[in-house]
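Geometric and topological summary
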Amino acid sequence: MIDQHWTAEDVERFADGEASPDERHLRECVRCANAVLAAAHMKAAIRGAMDVGPAPASLRARLTQRRSTFAPWWIAAAAVLAAIVVLVPFLRRNPALPELVDMHVTIVGSANPVDVISTDRHTVKPWFEGRVPFAVPVPDLASTPFRLIGGRVVYWQGNQAAYLLIGKAAHRISLFVFRLENAPKNLGPSPPAVSTLSWQDDGLLFVAVADVPSGDLVALRDAFTRQRSEVSP
Amino acid sequence: MEDGRERQSFEELAMPLLDSLYRYARWLTRNPTEAEDLVQEAYLKGLRGFGGFNPGSNIKAWMFRILRNTFLTSRSGLRAVPPEPLDEEIADGSTPESHFLQRADADALRRAIEELPVEFREVLLLSDVEEMSYKEIAEALSIPIGTVTSRLMRARQKVRKAFSGRK
């Protein structure tokens, strides 16, 4: 074995650091030792020829700028939650509607607007059990232009409230549901550019916020109140 | 999440590979602008697929494979795939490497490599520049190790021939 000349492949494998025949042959054989040396030189020459230098700084900047999109969604969600918690004391004295509109914009614009995603009211309604201290009415919207997208828990002045995300064509409607004793006391006037509608029903305060005509919100309210009178517990 | 150890983030693992990935992209596309776009797309794909990356496996081979697949499905990649016809044999095919070395100047060598089909350019880069093992190269290119070996041998043979033919 030691006496046998290496094949061209043996030589290159050796130069590449891969498994190869017994090296002792190289000490005995000038021909094979030269071949190995030449292969190593060729590797070095190719390495030099193929070097293109470091990646451009502009590319590096582009990639690290994307860091914000690298952040997992829950960091963004936690930031929103922290902002809401910090803002709570300020909300106490101020009209509530502008804040609810801000929450609507924040939630609707979020990558994960709802925690329970379901068009099925029989999924969404029980999901709220134990998460908010009241039964959340979720009507059957099948015969209406609205569709249920999902829900989540939101906080108002430290108390849980229910949030339902409802779709109408491409529009998104936020429906906040508060227990009356923990509901915002002063809603204030509706901010421009959005429609809002609030109503009370069975000890709950409903506040709908959306960029749809206010007539649509009236239809939504009717769907909620009609449903409750039909299905009594 | 999966065990006690903190899982390294995608950025921590992938950003140190930027120069290598850019170099690979340059040699795949032969165009600096396309190379930058390719690298950027590969990073985005890597980030998106990072959940499926097994922390014990080789991030370099993994990222190279993503970049390569991204290239192959791009417009210029699809153009590059049909291998160019084999070079006509050159009379003095068996130029000893010592001669080759004497004549080797980096610019001419670079031009010779640039003219090789992409599957030869990439094995030269991965082996000679990135110093990846045959196993790692096989993983990055999704081909058997035996194919890595033979492709590498042929690539170097082609460089030697092209280079001696040029002179």
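A brief report on the enclosed structure follows. (Residues numbered from 1 in each chain as written. Chains lettered and ligands numbered in written order. Predicted model: local features only at pLDDT ≥ 70, side-chain atom pairs only at ≥ 80, totals over all residues. Heavy atoms only, no water.)

**Focus on the overall build of chain B**
Worth spelling out the cut-off: Helix and strand labels come from DSSP, where a helix needs a run of H or I of at least four residues and a strand needs a run of E of at least two; each type is numbered from the N terminus. Each residue's exposure class comes from its accessible area (1.4 Å probe, protein chains only) as a fraction of the maximum for that residue type: buried when under 20%, exposed when over 50%, partly exposed otherwise. Two residues qualify as a contact provided that any one of their heavy atoms is within 4.5 Å of a heavy atom in the partner residue. The Shrake-Rupley method, run with a 1.4 Å probe sphere, supplies the accessible areas, and residue values consider only the shown protein chains as cover.
In terms of regular secondary structure, chain B is built from 10 helices and 0 strands. Mapped from its N terminus to its C terminus, chain B presents α and β elements in the order α-α-α-α-α-α-α-α-α-α. Within the span of chain B, comprising 167 residues, buried residues form 49% of the whole. Intrachain contacts of chain B at a sequence separation of at least 6 include 72% that bridge at least 24 residues. For chain B, the exposed surface amounts to about 8400 Å²; the carbon and sulfur share of it is 50%.

**Overview of the overall build of chain A**
Along chain A, the regular secondary structure elements total 9 helices and 6 strands. Per-residue burial over chain A gives 41% buried out of 233 residues. When contacts within chain A are restricted to residue pairs at least 6 apart in sequence, those whose partners lie at least 24 apart make up 57%.

**Let's talk about the sheet that holds strand S1 (residues 116-117) of chain A**
Residue and element names in this part refer to chain A. This is how the line gets drawn: Strand pairing follows a simple DSSP-based rule, namely that at least 2 bridges must link the two strands. Lines fitted to the C-alpha atoms define the axes, with helices restricted to the stretch that makes contact. Angles between their N-to-C directions range from 0 to 180 degrees.
The strand order across the open sheet built from 6 strands is S1-S2-S3-S4-S6-S5, with neighbouring strands paired in antiparallel fashion. In the strand order of this sheet, the two ends are held by S1 and strand S5 (195-201), each with one partner. Helix-sheet contacts for helix H7 (residues 97-109) involve strand S2 (147-156), strand S3 (159-168), strand S4 (171-179), S5 and strand S6 (204-210), and the interaxial angle to S4 is about 130°.

**A word on the side chain of threonine 149 of chain B**
You can see threonine 149 of chain B is positioned in helix H10 (residues 145-166). On the accessibility criterion, threonine 149 of chain B (4% relative accessible area) is buried. Those residues in contact with threonine 149 of chain B that lie beyond four places of it in its chain are Glu9 and Arg13 of chain A together with Tyr134 of chain B.

**Brief notes about the pattern of salt bridges**
A side chain of one charge can pair with a side chain of the opposite charge if their charged atoms are brought near each other. In plain terms, the rule: When a carboxyl oxygen of Asp or Glu is within 4 Å of a side-chain nitrogen of Lys or Arg, the pair counts as a salt bridge.
As enumerated under the stated definition, the model contains 20 salt bridges over all chains in all. A salt bridge links aspartate 128 of chain B to lysine 43 of chain A; its shortest N-O distance comes to 2.8 Å. Here aspartate 128 of chain B is found in helix H8 (residues 118-129), whereas its partner lysine 43 of chain A is found in helix H3 (residues 30-50) on a different chain. Accessibility classification places aspartate 128 of chain B together with lysine 43 of chain A in one group, the buried group. Salt-bridge contacts for aspartate 222 of chain A lead to arginine 221 of chain A; the nearest nitrogen and oxygen are separated by 3.6 Å. For aspartate 222 of chain A, a relative accessible area of 32% gives the class partly exposed. Overall, the relative accessible area of 28% leaves arginine 221 of chain A in the partly exposed class. Each of the salt bridges in this network shares a partner with another, and the network as a whole consists of Glu12, Asp16 and Lys43 of chain A together with Asp128, Arg156 and Arg160 of chain B.

**Looking at the packing of helix H4 (residues 59-72) of chain B against helix H9 (residues 134-141) of chain B**
All names here are of chain B. Note the following rule: By definition, turning the near helix anticlockwise from the far helix through less than a right angle yields a left-handed crossing, and turning it clockwise yields a right-handed one. Amino acids are sorted into nonpolar (Ala, Val, Leu, Ile, Met, Phe, Trp, Tyr, Cys and Pro), charged (Asp, Glu, Lys and Arg) and polar (every other residue, Gly among them).
At a closest axis distance of 7 Å, the pairing of H4 and H9 adopts a crossing angle of 40°. Here H4 runs over H9; the crossing is right-handed. Residues Ala61, Phe64, Arg65 and Arg68 of H4 lie in contact with H9, whose contacting residues are Glu136, Glu139, Ala140 and Leu141. By residue class, the composition of the contact of H4 with H9 is 4 nonpolar, no polar and 4 charged.

**Focus on H9 of chain B**
Residue and element names in this part refer to chain B. Let me state the cut-off plainly: For this quantity, the arc is that covered by the directions from the helix axis to the C-beta atoms.
Those residues of H9 that sit buried are Tyr134, Ile137, Ala138, Ala140 and Leu141. For H9, the angular spread of buried residues about the axis comes to 165°, placing them on one side. Two residues or fewer past H9, serine 142 is found with a positive phi of approximately 55°.

**Quick look at the interface of chain A and chain B**
Here is the rule: Identification of polar contacts relies on pairs of N or O atoms within 3.5 Å, with a donor-acceptor requirement for protein atoms, meaning one able to donate a hydrogen and the other able to accept it, and with residues adjacent in sequence counted only if both atoms are side-chain atoms.
Counting residues at the interface gives 33 residues for chain A and 38 residues for chain B. Our count for the contact surface shared by chain A and chain B stands at 9 salt bridges. For arginine 62 of chain A, the salt bridge goes to aspartate 37 of chain B, with nearest N and O atoms at 3.1 Å. Applying the counting criterion to the chain A and chain B interface returns 18 residue pairs in polar contact (both at pLDDT 80 or more). Where the side of chain A that touches chain B is concerned, the elements lending two or more residues are helix H1 (8-15), H3, helix H4 (57-65) and helix H5 (67-70) of chain A. Looking at which element gives the most residues to the side of chain A that touches chain B, the answer is H3 of chain A, with 12 residues.

**What to know about the environment of arginine 68 of chain B**
All names here are of chain B. Structurally, arginine 68 can be placed in helix H4. It is 8.1 Å that separates the C-alpha atoms of arginine 68 and leucine 28, two residues lying 40 residues apart in sequence. Not counting chain neighbours up to four residues away, the residues in contact with arginine 68 comprise Tyr24, Leu28, Glu122, Ala140, Leu141 and Arg151.

**Things to note about H3 of chain A**
What counts is decided by this rule: The length a helix should cover is 1.5 Å for every residue beyond the first.
A rise of 1.5 Å per residue sets the reference length of H3 of chain A, with its 21 residues, at 30 Å; its end C-alpha atoms lie 30 Å apart and thus fit the reference within 8%. What H3 of chain A keeps buried is the set Cys32, Val36, Ala38, Ala39, Met42, Lys43, Ala45, Ile46, Ala49 and Met50 of chain A.

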